[in-house]
Amino acid sequence: MSICKILGVPFNNVSPSEAVDKIINMLNSKGKSMVFTPNPEMVMRARQDKEFMEILNSSTMNIPDGIGIVYASRFTKDPIKERVAGYDTLLSVFDSIKDTDKTVYFFGAAPGIAQRAKAAIEERFPGIKIVGCADGYFDSEKEKTIIADINEKKPSLLLVGIGFPKQEKWIYKNIKDLNIKTAVGVGGCFDGWCGNVPRAPKFFVDHGLEWFYRLIKQPYRIGRMMQLPLFMLTVIGNKLTGGMKR
Ligand code: UDP
């Protein structure tokens, strides 16, 4: 499985089903693993934040969660086949591990959201074992309680949705002390699964316009979204100056 590097961030060139298989393999293998889902905004942040860049380079798998990543990869020797949304990948993982001994923990989002997401996922995938939930707003005392709860529940799969780069840094820092197999940075997935933030209709997803739908629904994201054209310009600039060799 090849790696496509975009502005310093490596992406696994996987199809959606390969990404799911790879996560299932991680859950069944010996060591611990970290999965991140970088989008153009995260790549732009990593260029400014060395620690974040190193963490994105130390993961077990990065999936290309953004149509901008797919477009940018066309400037490399090894273009990415298609967008692999963390949101859908995890739904397929739930489908694969329901009725198995694998367990899941939801950590992140505003109070009550992870519980609502748990209820929604349990209804959609009967047999799934979501063994614990914690919200993503914590001080250091509460953080200790959350870590203790995770370690008591021993989930196979820990989903952390506390926004980037916080979630990737949190996973990187704590994974050695966590009684888990695989941790995934999931951004706003819990909000999506519980219906708090509606998912874009299929048309927008199929046409690479999910970002546009999010902009209409959450106009305050405009500042963040300006990173998208900046990202494409940086990729093109890099190509012209020969900075992006792969
Ligand atoms: N969040 C959190 N703790 C924080 C900051 C953010 O739990 O200290 C949550 C926030 O409530 C939201 C998620 O992190 O559920 C980030 O969502 P966003 O839509 O920004 O993520 P994206 O998918 O765009 O990365």
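As the structure is a computational prediction, the values presented were derived from the model and not from experiment. (Residues numbered from 1 in each chain as written. Predicted model: local features only at pLDDT ≥ 70, side-chain atom pairs only at ≥ 80, totals over all residues. Heavy atoms only, no water.)

S.K.: Would you explain the sheet that holds strand E8 (residues 182–185) in this entry?
M.R.: Hydrogen bonding along the main chain pairs the strands of a sheet, whether they run parallel or antiparallel. Spatial strand order, E4-E3-E8-E7-E5-E6: 6 strands in an open sheet with parallel pairing. Of all the strands in the sheet, the pair left with one neighbour each is strand E4 (61–62) and strand E6 (129–134). In this sheet, E6 lies alongside strand E5 (residues 103–108) in parallel orientation, the contact comprising 5 bridges. Paired with Phe-107 across the bridge in E6 is Ala-134. The strands touched by helix H7 (residues 140–153) within the sheet are E5, E6 and strand E7 (157–161), with E5 carrying the most contacts at an inclination of about 170°. (Pairing = 2+ DSSP bridges. Helix = DSSP H or I, 4+ residues; strand = E, 2+ residues; numbered from the N terminus. Contact = heavy atoms within 4.5 Å. Axes fitted to C-alpha atoms, helices over the stretch in contact; angles between N-to-C directions.)

S.K.: How should the site of the ligand be read in this particular structure?
M.R.: Around the ligand, 16 residues are found, and the nearest of them are Ala-109, Gly-136, Lys-166, Asp-191 and Arg-221. Ala-109 places a polar main-chain atom, nitrogen or oxygen, 2.9 Å from an oxygen atom of the ligand. Protein chains bury 79% of the 560 Å² of accessible surface belonging to the ligand in isolation. Taken together, the residues of the shell around the ligand break down into 5 nonpolar, 6 polar and 5 charged. (Near = heavy atom within 4 Å. Polar contact = N/O pair within 3.5 Å; in protein donor to acceptor, adjacent residues only side chain to side chain. Areas by Shrake-Rupley, 256 points an atom, 1.4 Å probe, with all protein chains shown as cover. Nonpolar A, V, L, I, M, F, W, Y, C, P; charged D, E, K, R; others polar.)

S.K.: Explain the packing of helix H2 (residues 40–48) against helix H13 (residues 227–240) to me, please; I cannot follow it from the model alone.
M.R.: The interhelical angle for the contact between H2 and H13, taken along N-to-C directions, is 65°, at an axis separation of 9 Å. For the element pair H2 and H13, the recorded crossing hand is left-handed. Judged by residue contacts, Pro-40, Glu-41, Val-43, Met-44 and Arg-47 of H2 engage Gln-227, Leu-228, Leu-230, Phe-231, Thr-234 and Asn-238 from H13. Residue composition of the contact of H2 with H13, grouped by class: 6 nonpolar, 3 polar and 2 charged. (Left-handed = near helix turned anticlockwise from the far one by under 90°.)

S.K.: Can you walk me through the nonpolar core in this structure?
M.R.: The tendency in soluble globular proteins is for nonpolar side chains to be buried as a group. Counting 37 residues, the largest nonpolar core has Ile-6, Phe-107, Ile-150, Leu-158, Trp-170, Ile-171 and Phe-231 as the members making the most contacts within it. Residue contacts for Phe-231: discarding those within four places in its chain leaves Ile-6, Leu-7, Pro-40, Val-43, Met-44, Gly-68, Ile-69 and Ala-72. Listed in part, the 36 residues of the second largest apolar core include Ala-19, Val-20, Val-104 and Leu-157. (Core = buried A, V, L, I, M, F, W, Y, C linked by side-chain atoms within 4.5 Å. Buried < 20%, exposed > 50% of the residue type's maximum accessible area, 1.4 Å probe, protein only.)

S.K.: I tried to follow the pairing of E8 on my own but got confused; where do I start?
M.R.: The side chains of a regular strand alternate between the sheet's two faces. With burial as the criterion, each face of E8 is covered, one bearing Thr-182 and Val-184 and the other bearing Ala-183 and Gly-185. Pairing of strand E3 (residues 33–36) with E8, which is carried by 3 bridges, proceeds in the parallel orientation. Within the sheet, the bridge partner assigned to Val-35 lies in E8 and is Val-184. Pairing of E7 with E8 involves 4 bridges; the strand directions are parallel. What sits directly across from Leu-158, in E8, is Ala-183. Assessed by its sense of winding, the connection that carries the chain from E7 through helix H8 (residues 166–174) to E8 is right-handed. (Right-handed = clockwise from strand over helix to strand, strands pointing away.)

S.K.: Please explain the packing of aromatic side chains as it appears in this structure.
M.R.: The geometry of an aromatic ring pair is captured by the separation of the ring centres together with the interplanar angle, meaning the angle of the planes. A full pass over the atoms with the stated rule returns 13 aromatic pairs. Note on Phe-106 and Trp-193: the rings are 5.7 Å apart at their centroids and 35° apart in plane angle, and the pair reads as tilted. Here Phe-106 is found in strand E5, whereas its partner Trp-193 is found in helix H9 (residues 189–193), with 87 residues between them in sequence. What makes Phe-106 buried here is its relative accessible area of 0%. Ring centres of Phe-190 and Trp-193 lie 5.9 Å apart, and the angle between their planes is 70°; this geometry places the pair in the edge-to-face category. In this pair, Phe-190 and Trp-193 both sit in helix H9, 3 residues apart, roughly one turn of the helix. (Phe/Tyr/Trp six-rings, centres within 6.5 Å; stacked < 30°, edge-to-face > 60°.)

These values are about where atoms sit, not about what they do.
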